[in-house]
Amino acid sequence: ATQDAFVSCMLIYSRRFINISDYLHAPGSPSYIALLQSSQQNPRWVNSTGPKPQYIITPSGDIEIQSSILCSRKNSLEVRVLSGGHDYEGQSYRSKAPFIIINLITLRAVRVDIENETAWVQSGATLGELYYNIAKKSKVHGFPAGVCPSVGIGGHFSGGGFGNMVRKYGLAADNVIDAYVIDVYSRLLDRETMGEDLFWAIRGGGGSSFGVVVAWKIKLVRVPEMVTVFNIPKKLDQGASELVHRWQSVAEKLPEDLFIRVIMQNVGQVYNKTVEATFQSLYLGEVSELIPMMSEWFPELGLRSENCTEMTWIESALSFAGYPKGQSWDVLLTRTDQYKSNFKAKSDFVTKPIPIDGLKGIWKRMVEEELAFVILEPFGGRMSEISKSEIPFPHRKGNLYNIQYLVKWDVNTGKATKKHMYWVRKLYKYMKPYVSHSPRRAYQNYRDFDLGVNKHPNTSYNKAAHWGNKYFKSNFKRLAQVKSKADPFNFFRHEQSIPLISKPK
Ligand code: FDA
């Protein structure tokens, strides 16, 4: 009955001249399963027996989003909003309560305005589509966001978003200057009409707590015509531990044009102890400037010009995404993660260098897993200049780097999942003495339900603060205040949605 009532409601409130089957996909329709499966970038839940969405809506404009919100409210259905489907805990396509998915795949236009150095990008576009469209218009503009092209704009900007220009230009969300949001009353609001509080909250306060963000206006940033990339792998017998130890004190202080991250991984078979650290860098300039800079700041790495490749900024985006030299830009338009597999990840922030023995303990644990990665992303530069309360993302000055612990596996069985989850949790436990504390902090875009979830649809602010303070520190309270005004019924709710500051209306 709810289903029929939902469809009838949609017929009343959506545009008459568009056939409802063009945007409303019901279980049993050929498009339903395809949409459900293709959008899950973490296939961990593909075979799950949990509730499936009653409908998937692929809106072709604002009206179908507005009517979906209205008709879900009328019929007590929850809403899941999906842009790129990369949520680490599947929050854009899973729910325990009866729900619909609003999948923004058809809303992915990118309009670049080089004269004013801005762009409007719809939430359903991917980072790859954004980078591609900027590069088509200009050789000297770019945008500071994540390194994986298939990540969706909607979720990424909602949680912050960092990549290899984070030290020069901050987060993706730091560079958002306007947005269109559809709120719980189905109103379409821009920055002026939503007000500065809500505009503050949607830039990093986490997806799907305040409404559906349809599009974002961003400030493009300047990049040189030629940038430089290097990847230097070091094994343990080549001094990997000592180099990572040194990197910790250097990476955050480097000139902000230079970004060097470290990817620690097991490159051999399980237990053969072939672990290595790759120093992966983007320098916003030419090799001739980079070599003397590295000799001054990080001579231990022994960088030589033959290790470096000059390329355009868009080629560097392809290189960071793992594509070989000469790859056509068109791959940036692929919406599926090229390394898609089941995964679980956790995160930390580091404020003091980890001693060498601490690092050695990471290696010891990594050899137990075949597809394990520990990724260290340096901050400093622009990140230290932006205040902790400028947007909800609070991890600024004082943080040397972010750590992501990631484990992947191919066989999707309950036993395999348990084993790999146990491994990453054990590593996380081991890291406790070396990372931020009181509270131990985490990055919202690396969503982790182990930190805590809203067990009840109207979980109190105090209970939710248990996980919320880890992502947002003191900004969590302001997020709850904004939520109480913007969505007083707590309609946009899920396991880690921002709670109301007091009971719902
Ligand atoms: P998805 O569609 O799953 O949305 C994520 C969350 O946001 C969900 O809660 C969803 O409901 C909500 N949401 C989505 N669209 C919304 C909208 N329009 N309005 C309101 N709420 C919305 N991060 C990073 O900072 N740097 C990086 O380099 C990477 N790289 C990376 C690679 C890979 C392979 C993965 C799987 C993830 C990353 N990430 C990342 C993390 C990524 O930023 C994070 O998972 C984003 O939330 C993904 O956004 P999507 O739109 O793809 O996800």
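Every chain is numbered on its own, with residues counted from 1 as its sequence reads. Restriction of local features to residues with pLDDT of at least 70 applies here, the model being predicted, together with a cutoff of 80 or more for giving and counting side-chain atom pairs; totals for whole chains, interfaces and linings are based on all residues. Just so you know, side-chain values use all the structure's heavy atoms and leave hydrogens and water out.

## Some words on the sheet that holds strand β13 (residues 258–266)
Two strands qualify as a pair provided DSSP detects at least 2 bridges between them. Secondary structure elements are defined from DSSP: runs of H or I of at least 4 residues count as helices, runs of E of at least 2 residues count as strands, and each element is numbered from the N terminus. Taken together, the seven strands give an open sheet; going across it, the order is β15-β12-β14-β13-β17-β18-β16, and neighbouring strands pair in antiparallel fashion. Unpaired on one side and paired on the other, β15 (308–311) and β16 (342–350) mark the two borders of the sheet. Looking at each pair of strands side by side, their axes are set apart by 20° on average, direction ignored. Bridge count between strand β12 (residues 227–235) and β15: four bridges; the pairing is antiparallel. Its bridge partner being in β15, Thr228 is matched across the sheet by Glu310. By definition, residues are in contact when any of their heavy atoms lie within 4.5 Å. Axis lines are fitted through C-alpha atoms, for helices just across the contact stretch, and the angle between N-to-C directions can take any value from 0 to 180 degrees. Sitting on the sheet, helix α9 (residues 240–250) is in contact with β12, β13, β14 (275–283), β17 (372–378) and β18 (401–409), with an inclination near 40° to β14. Contacting β13, β14 and β17, helix α12 (residues 356–366) runs over the sheet at an angle of about 45° to β13.

## Section: the pairing of β12
Pairing of β12 with β14 involves eight bridges; the strand directions are antiparallel. Across the sheet, residue Asn231 finds its bridge partner in β14, namely Gln280.

## Section: the UniProt feature "domain: FAD-binding PCMH-type" (unreviewed entry) in the chain
UniProt positions are given in the numbering used here, feature names are shortened, and annotations may be inferred rather than shown by experiment. In the UniProt entry, the feature "domain: FAD-binding PCMH-type" (unreviewed entry) is given for residues 49–223. Regarding residues 49–223, the helix share stands at 26% and the strand share at 25%, and the terminal C-alpha atoms are separated by 48 Å.

## A word on the site of the ligand
The ligand sits among 33 residues. The nearest are Val81, Ser83, Ser92, Phe162 and Tyr443. Contacts to the ligand include Val81, whose backbone N or O atom sits 2.6 Å from an oxygen atom. Under this definition, polar contacts are N or O atom pairs within 3.5 Å; protein pairs additionally need one hydrogen-donor-capable and one acceptor-capable atom, and for neighbouring residues in sequence, both atoms have to be side-chain atoms. Taking Arg447, its side chain carries an N or O atom lying 3.1 Å from an oxygen atom of the ligand. In this description, accessible areas are obtained by the Shrake-Rupley approach with a 1.4 Å probe, and a residue is regarded as covered only by the protein chains that are shown. Across the complex, the protein chains shield 94% of the 960 Å² of accessible surface that the ligand would expose by itself. We call a residue near a given molecule or strand whenever any one of its heavy atoms falls within 4 Å of it.

## Focus on helix α3 (residues 62–74)
Every helix has an expected span of 1.5 Å times one less than the residues it contains. Between its terminal C-alpha atoms α3 stretches 18 Å, which fits the 18 Å expected from 13 residues at 1.5 Å a residue. To sort residues, take the accessible area from a 1.4 Å probe on protein chains only and compare it with the maximum for the residue type: under 20% means buried, over 50% means exposed, and anything in between is partly exposed. Looking only at α3, the buried set comprises Glu64, Ile65, Gln66, Ser67, Ser68, Ile69, Cys71 and Ser72.

## Concerning the pattern of salt bridges
For salt bridges, the criterion is a side-chain nitrogen of Lys or Arg within 4 Å of an Asp or Glu carboxyl oxygen. Summed over all chains, the structure comprises 26 salt bridges. For Arg44, the salt bridge goes to Glu89, with nearest N and O atoms at 3.5 Å. Taken as a pair, Arg44 in the loop between α2 (30–38) and β2 (55–57) and Glu89 in the loop between β3 (78–82) and β4 (99–103) lie far apart in primary sequence, 45 residues in all. Per residue, the accessibility class of Arg44 equals that of Glu89, and both read buried. With a shortest N-O distance of 2.9 Å, Arg261 and Glu377 are connected by a salt bridge. On the criterion of sequence distance, the pair formed by Arg261 in strand β13 and Glu377 in strand β17 is long-range, its members being 116 residues apart. Take Arg261 and Glu377: they sit in the same class, and that class is buried.

## What about the sheet that holds strand β9 (residues 188–189)?
In spatial order, the strands read β5-β6-β10-β8-β9; together these five strands make up an open sheet with antiparallel pairing. Two strands close off the open sheet at either side, each with one partner strand: β5 (110–113) and β9. With six bridges joining them, strand β8 (residues 176–182) and strand β10 (residues 212–219) adopt antiparallel strand pairing. If you follow Tyr180 over to β10, its bridge partner there is Ala215. Contacts from helix α4 (residues 127–137) reach β5, β6 (118–122) and β10 within the one sheet, and its direction differs from that of β5 by about 35°.

## Digging into the side chain of Asn266
Within the secondary structure, Asn266 is located in strand β13. Separated by 3.5 Å, the side chain of Asn266 and the backbone oxygen of Met366 make a polar contact. A polar contact of 2.8 Å, which involves the side chain of Asn266, links it to the backbone oxygen of Glu369.

## Re the nonpolar core
Take the buried Ala, Val, Leu, Ile, Met, Phe, Trp, Tyr and Cys residues and link them wherever side-chain atoms come within 4.5 Å; each set so joined is a nonpolar core. Judged by nonpolar contacts, the single largest core of 133 residues is most densely connected at Phe157 and Phe279. Counting residues per element, this core draws most heavily on helix α14 (residues 414–431), which supplies eight residues. Those residues in contact with Phe279 that sit more than four places away from it in its chain are Phe230, Asn231, Ile232, Lys234, Leu243, Val244, Trp247, Ile260, Arg261, Val262, Phe298 and Leu301. Counting residues in hydrophobic clusters, the runner-up holds 25 residues, among them Met10, Leu77, Val81 and Val212.

## Topic: the packing of α4 against helix α11 (residues 313–320)
Remark: α4 packs on α11, axes separated minimally by 9 Å, with the N-to-C direction vectors making an angle of 155°. Relative to α11, the element α4 is oriented roughly antiparallel. Seen along the crossing, α4 lies across α11 with a hand that is left-handed. Residues Tyr131, Tyr132 and Ala135 of α4 pack against Trp313, Ile314 and Ala317 of α11. The residue makeup of the contact of α4 with α11, split by class, is six nonpolar, no polar and no charged. Roughly parallel means an angle under 35 degrees; roughly antiparallel means over 145; roughly perpendicular covers 65 to 115; every other angle is labelled oblique. By convention, the crossing between two helices is left-handed when the near helix turns anticlockwise from the far helix through less than a right angle, and right-handed when the turn is clockwise. Any residue that is not Ala, Val, Leu, Ile, Met, Phe, Trp, Tyr, Cys, Pro, Asp, Glu, Lys or Arg is counted as polar, Gly included; the first ten are nonpolar and the last four charged.

## So, the packing of aromatic side chains
Classification of ring pairs rests on two measures: the distance between centres of Phe, Tyr or Trp rings, Trp counted by its six-membered ring, which must be within 6.5 Å, and the angle between planes, read as stacked under 30 degrees, edge-to-face over 60 and tilted in between. Following the criterion strictly, the structure yields 29 aromatic pairs and no others. When the ring of Phe259 is compared with that of Phe320, the centres are 6.5 Å apart and the planes differ by 55°; the resulting orientation is tilted. Pair noted here: Phe259 is in strand β13 and Phe320 is in helix α11, with a separation of 61 residues, a long-range link. Both residues of the pair, Phe259 and Phe320, belong to the buried class. On the numbers, 5.8 Å between centres and 70° between planes, the contact of Tyr471 with Phe472 is edge-to-face.

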